[in-house]
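Listed below, chain by chain, are the residues.
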Amino acid sequence: MKGKKFKNQFILLVLVLFVMAFTACTTAPPAEVDTAALDAAKSEAANAKATADAAMAALEDAAAGDADAQAALEAQLADAQAALEEAQGAVTDAESEAAAAAEAAAAAEEVAANAEATANAVPTELDIWVMASVTEAGPPPDDWVVYDMVRDELGIDLNVVLIPPGPDGEAKLNAAAAANDLPDLMQMASASNDSRGTLFRLAELGLLAPVDDMFPLMPERTKLHYNDPQANELMKINGVQYGLAQPPSIPNRSGLVIRQDWLDNLGLEMPTTLDELFDVAVAFTEQDPDGNGVDDTFGYGVFIDGQGLGYRFDEILGAYDVPGLWAFHHPENFGLNVRNPKYPEAVAFLNQMVEAGVVDPDWPTLTKDEFRARWKQNKYGIMMEDFAALTNKSNYTPFFENQPDGRWVPVPSPEGPYGDAWLGVYNGGGSIYGVSQNAANEGKQDKIAELLEWMATDGYWIMGFGEEGVNYTINEYGDLTADGIPDPDLAYNAQAMQPPTQLRGMVFYNNEAELRARYPVYELSDELTIYPMDFLSFFQAQPWVDGQASQIILPLDNAADFERFYTEGLIQFILGQKELNEDSWAEFLAGLDSLGAAEWEAQATQTLQDAGLMD
């Protein structure tokens, strides 16, 4: 009975072994696959077969009742079982490796086919108009690595045009719009810092395409850049979105700064009130604060940057409780700040500064680049400036080279005659981009979305900081740094890298690591270490009016005419070209009303009430 039981076991075992051996010997490997593993499996199967043959002979002896053969049979059974398990494992491993090799070969063929298709495809031409991150620096060079990358990886032939900010940028957009020749993707520019108004005007002319269908094509970009529902709503007309709203820039990033070395040279204290600020400005203008024996300094440097006088006069207007265009901080008397009786007092103070000669007389026509060139050339003692434009290494170094002993330091917003000390107004809006209808008609929107997604992923570092190992390294904490690069002059934050990173505003979104990299601490000498983030923290700690609601106030239909009358009227009063008195100011306000000021105020009030932003 025992012999019969073993016989049955062996018959089953031998059948399995023969099947395994036959399978291993007859399975053909995929084309171009290394068959070494399969050969090994065949060998194992052959060994298993030999073991089975020996077991069969032992079976026959056992059947005859030979006790020794019976014991040998049991041993052969154990060997056969072990051989079977090993053969099964070898064949399984070989088949898995063969399948993986086949998959790799297929993937390689697909990659090669895609590469060939990309190489043979005609690149899509994309024209982008964007404002420079550093207006005084040039555009990306012709051999910019990004041009090659997007051509090779995305099939895009990219053409970048830097447009100026403010009125010149708006004029360029208007000229292109009049010729129906807007670029494929463009940043909105405005003479009055109302880029949303520019977007709406171009959209209502039928020159911009809806962008709603682009968001699913750029998921990472959408998550990082277009994740603010309120900002997206502000880009819509009748429920259709036309603008791509970048995250707001760092809030409250500009502030008042003063030359500490000039204060020290003249034995003056840091000013805290508007009158003290005026006295210091006079001294800086008249008492040769740099000691060069030449009358070549001005106490105050400023230029027009925004609506009306622009935000760079807000520290003066704020001392009279009237910073900016709208009285957001007085909802009970909401309207244009020029209605406030304190406004003409602030204008009179500015006229006093101009008459005293403490302000650079070119201020009404100075451009941003000219203004910044002058403070770097040691011309100004007090000014309102963006913290990065002042303290970034590429910006501060030219000033330091011209004046190694010069020291800019932040100064508190001055207190005015009524105890007010607003430094400015925070409007909160970021830059806005639009896609031309012509680009949509030519089927380019998918490519534009692909480019923007690349900027948020693979292109983020190269566009924001340059090439790793050349322009930056990553330290042991995972932070970006310029330490260890071959040529320090090519550091990501060096002046030479300003042109290659001009489009960094399109990729930055103000995460913590990014801010640490963008504004690092650095030494200019043993005596001078610059801490950019300290300036920012100081500026942000000053009193600011929350003016974010301005984003939903639509511009007047005749906004250009209103803006021109408003700005020119204020400049005439400040320069003394028009006498400032009650009658002349009333006449000025009446002129604004003739251009729709009262209706605009009523419309803005209703808009804010409807949005729940005003009781």
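Since this is a predicted model, take the numbers as computed values, not measurements. Numbers given for residues are sequential positions, taken from 1 along each chain in its written order. Reporting in this predicted model follows two pLDDT cut-offs: at least 70 for local features of residues, and 80 or more for side-chain atom pairs to be given and counted; totals over whole chains, interfaces and linings ignore these cut-offs and use all residues. Here the side-chain values reflect all heavy atoms present in the structure, with hydrogen atoms and water set aside.

K.L.:
I'd like to hear about the overall build of the chain, residue by residue, with values.
P.N.:
The helix and strand tally for the chain stands at 23 helices and 17 strands. When a residue's accessible area, from a 1.4 Å probe over protein chains only, is under 20% of the maximum for its type it is buried; when over 50% it is exposed; and in between it is partly exposed. Going through the 615 residues of the chain one by one, you find that 48% of them count as buried. Method for areas: the Shrake-Rupley scheme with a 1.4 Å probe, in which residue coverage is limited to the protein chains shown. Looking at the chain as shown, the accessible area adds up to about 28400 Å², and 50% of this sits on carbon and sulfur atoms. Helix and strand assignments follow DSSP, with helices taken as H or I runs no shorter than four residues and strands as E runs no shorter than two, numbered in order from the N terminus.

K.L.:
Explain the side chain of Thr222 to me, using residue names and the numbers behind them.
P.N.:
The residue Thr222 is located in helix 7 (residues 219-225) in this model. There is a polar contact of 2.8 Å between the side chain of Thr222 and the backbone oxygen of Met218. We call two residues contacting when some pair of their heavy atoms lies within 4.5 Å. In this structure Thr222 touches Phe215 and Asn227, once residues within four positions along its chain are discounted. Counting of polar contacts relies on pairs of N or O atoms within 3.5 Å, with two restrictions inside protein: one atom must be capable of donating a hydrogen and the other of accepting it, and residues adjacent in sequence are counted only when both atoms are side-chain atoms.

K.L.:
Before we move on, can you summarise the sheet that holds strand 7 (residues 254-259) with the specific residues and values?
P.N.:
Strands pair, by our definition, only if DSSP identifies at least two bridges between them. The four strands are arranged 8-9-7-10 in an open sheet whose pairing can be described as mixed. Of all strands in the sheet, those bounded by a partner on one side alone are strand 8 (298-301) and strand 10 (408-410). Taken over all neighbouring pairs, the strand axes of this sheet differ in orientation by 25° on average, direction set aside. Where strand 7 lies against strand 9 (residues 380-386), five bridges are found, and the strand directions are antiparallel. Its bridge partner being in strand 9, Gly255 is matched across the sheet by Glu385. Working convention: axes come from line fits to C-alpha atoms, limited for helices to the stretch in contact. Angles between N-to-C directions cover 0 to 180 degrees.

K.L.:
Outline helix 12 (residues 342-355), listing residues and values.
P.N.:
Each helix should span, by expectation, one fewer than its residue count multiplied by 1.5 Å. Between its first and last C-alpha atoms helix 12 spans 20 Å; for 14 residues at 1.5 Å apiece the expected length is 20 Å, and the two agree. Residues of helix 12 that are buried include every one of Tyr343, Pro344, Ala346, Val347, Phe349, Leu350 and Met353, and no others. Among the structural elements, helix 10 (274-286), strand 8, helix 11 (314-318), helix 21 (559-575) and helix 22 (582-594) are those in contact with the buried residues of helix 12. Phi for Gly357, located one or two positions after helix 12, is positive at around 75°.

K.L.:
With reference to specific residues and values, describe the pairing of strand 1 (residues 124-131).
P.N.:
It is a general feature of regular strands that their side chains alternate between the two faces of the sheet. Examined bridge by bridge, strand 1 and strand 2 (residues 156-163) share eight bridges and lie parallel to one another. Looking at strand 2, one finds that Leu126 is bridged to Leu158. Throughout, right-handed denotes a crossover for which the path from the first strand over the helix to the second runs clockwise when the strands point away from the viewer. Read from strand 1 through helix 4 (residues 145-154) to strand 2, the crossover connection turns out right-handed. In this structure, strand 1 lies alongside strand 3 (residues 185-187), joined through two bridges in parallel fashion. Residue pairing in the sheet places Trp129 in a bridge with Met186 of strand 3.

K.L.:
Explain the pairing of strand 7 to me, and be specific about the residues and the numbers.
P.N.:
Of all six residues in strand 7, six are buried; the element is thus mostly enclosed. What you see with strand 7 is no split at all: Ser254, Leu256 and Ile258 on one side and Gly255, Val257 and Arg259 on the other are buried throughout. Looking at chain direction, strand 7 and strand 10 are connected through three bridges and run antiparallel. Note on strand 10: the bridge partner recorded for Arg259 is Trp408.

K.L.:
Can you lay out the sheet that holds strand 3 for me, pointing to particular residues and giving the numbers?
P.N.:
Strand order across the open sheet formed by five strands is 2-1-3-12-6, with mixed pairing between neighbours. Unpaired on one side and paired on the other, strand 2 and strand 6 (243-245) mark the two borders of the sheet. With direction set aside, neighbouring strand axes in the sheet form an average angle of 20°. Two elements, strand 6 and strand 12 (residues 432-435), share three bridges in a ladder whose sense is antiparallel. Within strand 12, the residue paired with Ala245 across the bridge is Ile432.

K.L.:
Outline the confidence of the model for the chain, supporting the account with residue identities and numerical values.
P.N.:
Values of pLDDT, which run from 0 to 100, indicate the predictor's confidence residue by residue. In the predicted model, the chain carries a mean pLDDT of 87, and the fraction of residues at 70 or more is 82%. In the model, residues 1-8 has pLDDT below 50 throughout and makes nine contacts with residues more than four positions away in sequence or in other chains. Below pLDDT 50 for its whole length, residues 10-33 participates in 36 contacts with residues either more than four positions away or in separate chains.

K.L.:
Please provide a residue-by-residue account of the packing of aromatic side chains, values included.
P.N.:
Working definition: rings of Phe, Tyr and Trp (its six-membered ring) pair if their centres are within 6.5 Å, and the pair is stacked with planes under 30 degrees apart, edge-to-face with planes over 60 apart, and tilted otherwise. One pass over the structure, following the stated rule, counts 33 aromatic pairs. Geometrically, the ring pair formed by Tyr320 and Phe349 is tilted, given 6.4 Å between the ring centres and 50° between the ring planes. One end of the pair, Tyr320, is in the loop between helix 11 and helix 12; the other, Phe349, is in helix 12, with 29 residues separating them in the sequence. Taken as a pair, Tyr320 and Phe349 share a single burial class, namely buried. Among the aromatic residues, those joined into a cluster by ring pairs are Tyr460, Trp461, Phe465, Tyr472, Tyr492, Phe508 and Tyr509. The ring of Trp375 has Lys376 sitting right over it, with the charged end atom 5.7 Å from the ring centre. Geometrically, a charge over a ring is one whose NZ (Lys) or CZ (Arg) sits within 6 Å of the ring centre while staying within 35 degrees of the ring normal.

K.L.:
With reference to specific residues and values, describe unusual backbone geometry.
P.N.:
The backbone of Asp321 shows a phi angle near 70°, a positive value even though the residue is not glycine. If you trace the backbone, Asp321 turns up in the loop between helix 11 and helix 12. For Asn378, which is not glycine, the phi dihedral falls at a positive 75°. Considering the arrangement of structural elements, one finds Asn378 in the loop between helix 13 (368-376) and strand 9.

K.L.:
Requested: an account of the packing of helix 5 (residues 166-178) against helix 6 (residues 195-204), with residues and values cited.
P.N.:
In contact at an axis separation of 12 Å, helix 5 and helix 6 are set at 5° when each is read in the N-to-C sense. Accordingly, the angle class assigned to the pair helix 5 and helix 6 is roughly parallel. Listed contacts from helix 6 to Glu170, Leu173, Asn174 and Ala177 of helix 5 are Thr198, Arg201 and Leu202. Of the residues contributing to the contact of helix 5 with helix 6, the split by class is three nonpolar, two polar and two charged. Relative orientations are named as follows: roughly parallel for angles under 35 degrees, roughly antiparallel for angles over 145 degrees, roughly perpendicular for angles from 65 to 115 degrees, and oblique for any other angle. Side-chain classes follow a simple rule in which Ala, Val, Leu, Ile, Met, Phe, Trp, Tyr, Cys and Pro form the nonpolar group, Asp, Glu, Lys and Arg form the charged group, and the remainder, Gly included, forms the polar group.

K.L.:
Give me the lowdown on helix 17 (residues 445-456), citing residues and values where you can.
P.N.:
Every α-helix carries 3.6 residues per turn, so stepping three or four residues along brings you back to the same face. For helix 17, built from 12 residues, the straight-helix expectation of 16 Å at 1.5 Å per residue is met to within 8% by its first-to-last C-alpha distance of 17 Å. Within helix 17, nine of the 12 residues are buried, which leaves the element mostly enclosed by the surrounding structure. Here helix 17 has its buried residues at Gln445, Ile448, Ala449, Leu451, Leu452, Glu453, Trp454, Met455 and Ala456.

K.L.:
I'd like a rundown of the packing of helix 4 against helix 17, residues and numbers included.
P.N.:
Packing of helix 4 against helix 17 leaves a shortest axis separation of 12 Å and a crossing angle of 120°. The orientation of helix 4 relative to helix 17 falls into the category oblique. Where helix 4 crosses over helix 17, the handedness of that crossing is right-handed. Of helix 17, the residues touching helix 4 (which contributes Val146, Met149, Val150, Glu153 and Leu154) are Lys447, Glu450, Leu451 and Trp454. In terms of residue class, the contact of helix 4 with helix 17 is built from six nonpolar, no polar and three charged. By definition, turning the near helix anticlockwise from the far helix through less than a right angle yields a left-handed crossing, and turning it clockwise yields a right-handed one.

K.L.:
Give me the lowdown on the pattern of salt bridges, citing residues and values where you can.
P.N.:
Whenever a carboxyl oxygen of Asp or Glu lies within 4 Å of a side-chain nitrogen of Lys or Arg, that contact is scored as a salt bridge. Applying the stated criterion to the full structure yields 22 salt bridges. The salt bridge involving Lys444 is made with Asp184; its shortest N-O contact spans 3.4 Å. A residue pair is termed long-range when its members are at least 10 positions apart, and Lys444 in the loop between helix 16 (437-441) and helix 17 and Asp184 in the loop between helix 5 and strand 3 qualify at 260 residues. You can call Asp184 buried: its relative accessible area is 7%. Across the salt bridge formed by Asp420 and Lys342, the nearest N and O atoms sit 3.7 Å from each other. Taken together, the residues Asp420 in the loop between strand 10 and strand 11 (424-426) and Lys342 in helix 12 connect sequence positions 78 residues apart.

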